[in-house]
Amino acid sequence: MTESTSAPLPDMDELHWGSLRDWGQLVRLPNVFTLFSDCLAAAIVVGSFWRPLSALIPTMIASLGAYWAGMILNDIVDLDEDRQHRPQRPLAANRISPVIAGHVANGMLLLSPILVLATTNLHTSQALWMGAAFVSAVLLALAVRTYNSVLKETPIGPVLMGLCRSLNILMVGCSMFAVQPVATAGDESSPALQASNSTTGSVTENLDAESLASAISPELPTPVLLLAASIGLYIMGVTIYARREDGESQPGGLMFGLLLEMIGLILIGCIPMWAESERTWTLDPARSYPLLIGLIGL
């Protein structure tokens with residue numbers, strides 16, 4: 001009788017923290033550039049032009065936390081499948097213990113809304129949009145958690161994936177919009193308030209409620225909402241298109257995914273049509289800008 005020489009099976013109950021390289025593979029480190037581009041686009045469209053950096057950088061870190069949490073939870077949900085088809089993945093190879101990865105992901109989802117709230121509170125913020133940024137961050141965390149559940153493989157899965165990117169755009173957009181300088185009831189330099197100044201010199205005495213609300217809580221720029229919807233549709237299409245990457249996809253699913261991607265890109269190309277008339281553009285909205293979106297689409 002010969003002695004078996006096969007390698008012993010790994011102890012699945014033993015906790016493994018893995019290396020930095022393993023964590024980089026787990027969160028798909030090179031993919032963060034797609035996330036950062038969305039964040040910067042939201043900041044530009046909202047009119048902040050990335051300022052102040054003391055608000056943009058923490059907000060991008062919060063966005064990164066939600067994104068990486070989604071990547072980690074995705075591998076936890078797909079663990080059995082990865083052990084069969086992608087055994088080199090960190091969790092499937094047990095280089096990182098799934099229980100540790102799960103705790104790290106949940107911690108990131110909890111910290112992201114707190115970081116957004118802390119960032120807007122440390123700046124002179126508009127309360128309405130500070131609250132909108134926090135709510136968007138909470139909903140983003142819930143959407144990430146919901147997607148990485150039994151709903152992932154259902155028809156609602158791509159919708160949830162697109163919703164995650166849309167909420168990320170809204171979180172960054174509302175955060176940056178909240179910390180922008182805005183006229184207040186005591187700011188006599190505000191054109192809106194000067195227009196309501198009476199002959200007695202009182203600024204607030206004859207200020208009607210509508211003008212005051214407009215001065216204190218201006219509307220979120222429409223292009224931000226359109227960008228969120230466009231990116232959401234585009235990512236929904238990408239998710240549908242790539243759902244059966246390990247097998248043979250149905251032509252109908254591929255065409256539907258491609259159609260959603262095209263609609264998303266077309267809407268992004270139409271953003272200047274919904275922008276304020278006084279907004280300036282680096283690229284000509286009638287020529288260069290739509291051409292750029294077309295090239296990105298290709």
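Since we're looking at a predicted model, the values are computed, not measured.

## Some thoughts on the overall build of the protein chain
Tallying secondary structure elements over the protein chain gives 13 helices and 0 strands in all. Going residue by residue from the N terminus, the α and β elements of the protein chain occur as α-α-α-α-α-α-α-α-α-α-α-α-α. In the protein chain, buried positions account for 41% of the 298 residues. A separation of at least 24 residues holds for 75% of the contacts in the protein chain among residues at least 6 apart in sequence. Total accessible area on the protein chain is roughly 16700 Å²; 66% of this is exposed by carbon and sulfur atoms.

## Some details on the packing of helix α7 (residues 156–178) against helix α10 (residues 222–241)
It is the contact of α7 with α10, at a shortest axis distance of 7 Å, that shows an interaxial angle of 150 degrees. By the angle between their axes, α7 is roughly antiparallel relative to α10. Pair α7 / α10 crosses with right-handed handedness. Between α7 and α10, the contacting residues are Pro158, Val159, Met161, Gly162, Arg165, Ser166, Ile169, Leu170 and Gly173 on the first element and Val224, Leu225, Leu227, Ala228, Ala229, Ile231, Gly232, Ile235, Met236, Thr239 and Ile240 on the second. Tallied by class, residues from the contact of α7 with α10 come to 14 nonpolar, 5 polar and 1 charged.

## Some points on the pattern of salt bridges
Opposite charge on two side chains lets them pair, provided their charged atoms get close. Taken as a whole and judged by the stated rule, the model has 8 salt bridges. One salt bridge in this structure joins Asp78 and Lys152, with 2.5 Å as the shortest N-O distance. Of this pair, Asp78 sits in the loop between α3 (53–77) and α4 (79–85) while Lys152 is found in the loop between α6 (127–147) and α7, placing the two residues 74 residues apart along the sequence. What makes Asp78 buried here is its relative accessible area of 12%. For Arg86, the salt bridge goes to Asp82, with nearest N and O atoms at 2.8 Å. The network of salt bridges with common partners includes Arg28, Asp75 and Arg89.

## Describing the confidence of the model for the protein chain
Per-chain confidence: the protein chain averages 82 in pLDDT, with 81% of residues scoring 70 or above. Per-element averaging of pLDDT across the protein chain places helix α8 (residues 191–194) at the bottom with 39 and α3 at the top with 96. Across residues 183–207 the pLDDT falls below 50, and counting only partners more than four positions away or on other chains, this stretch makes 27 contacts in the model. Within the model, pLDDT remains below 50 along residues 209–216, and this stretch shows 11 contacts once partners closer than five positions in the same chain are excluded.

## Here's the deal with the packing of helix α2 (residues 32–45) against α3
Look at α2 against α3: their axes get within 10 Å of each other, and the N-to-C directions meet at 140 degrees. On the basis of the axis angle, α2 is oblique to α3. For the crossing formed where α2 meets α3, the hand is right-handed. Between α2 and α3, the residues in contact are Val32, Thr34, Leu35, Phe36, Cys39, Leu40 and Ala43 and Leu56, Met60, Ser63, Leu64, Tyr67 and Trp68, respectively.

## As for unusual backbone geometry
Residues other than glycine predominantly adopt negative phi, and peptide bonds predominantly adopt the trans conformation. Following Arg51, the chain continues into Pro52 via a peptide bond in cis, with omega recorded as -5 degrees. Note on placement: Pro52 falls in the loop between α2 and α3. Here Arg28, not a glycine, exhibits a phi torsion of approximately 55 degrees, which is positive. Tracing the chain through its elements places Arg28 in the loop between α1 (20–26) and α2.

## A word on a nonpolar patch on the surface
Among the surface-exposed residues, Ile44, Phe49, Trp50, Leu53, Ile57 and Ile61 lie close enough to one another that they form a single nonpolar patch of about 570 Å² accessible area. Looking at the nonpolar patch, the element that brings in the most residues is α3, giving 3 residues.

Here is what the cut-offs are and how they apply
Residues numbered from 1 in each chain as written. Predicted model: local features only at pLDDT ≥ 70, side-chain atom pairs only at ≥ 80, totals over all residues. Heavy atoms only, no water. Helix = DSSP H or I, 4+ residues; strand = E, 2+ residues; numbered from the N terminus. Buried < 20%, exposed > 50% of the residue type's maximum accessible area, 1.4 Å probe, protein only. Contact = heavy atoms within 4.5 Å. Areas by Shrake-Rupley, 256 points an atom, 1.4 Å probe, with all protein chains shown as cover. Axes fitted to C-alpha atoms, helices over the stretch in contact; angles between N-to-C directions. Parallel < 35°, antiparallel > 145°, perpendicular 65-115°, else oblique. Left-handed = near helix turned anticlockwise from the far one by under 90°. Nonpolar A, V, L, I, M, F, W, Y, C, P; charged D, E, K, R; others polar. Salt bridge = Lys/Arg side-chain N within 4 Å of Asp/Glu carboxyl O. pLDDT = per-residue confidence, 0-100. Patch = residues over 30% accessible without salt bridge, like charges linked within 9 Å, V, L, I, M, F, W, Y side chains within 5 Å.

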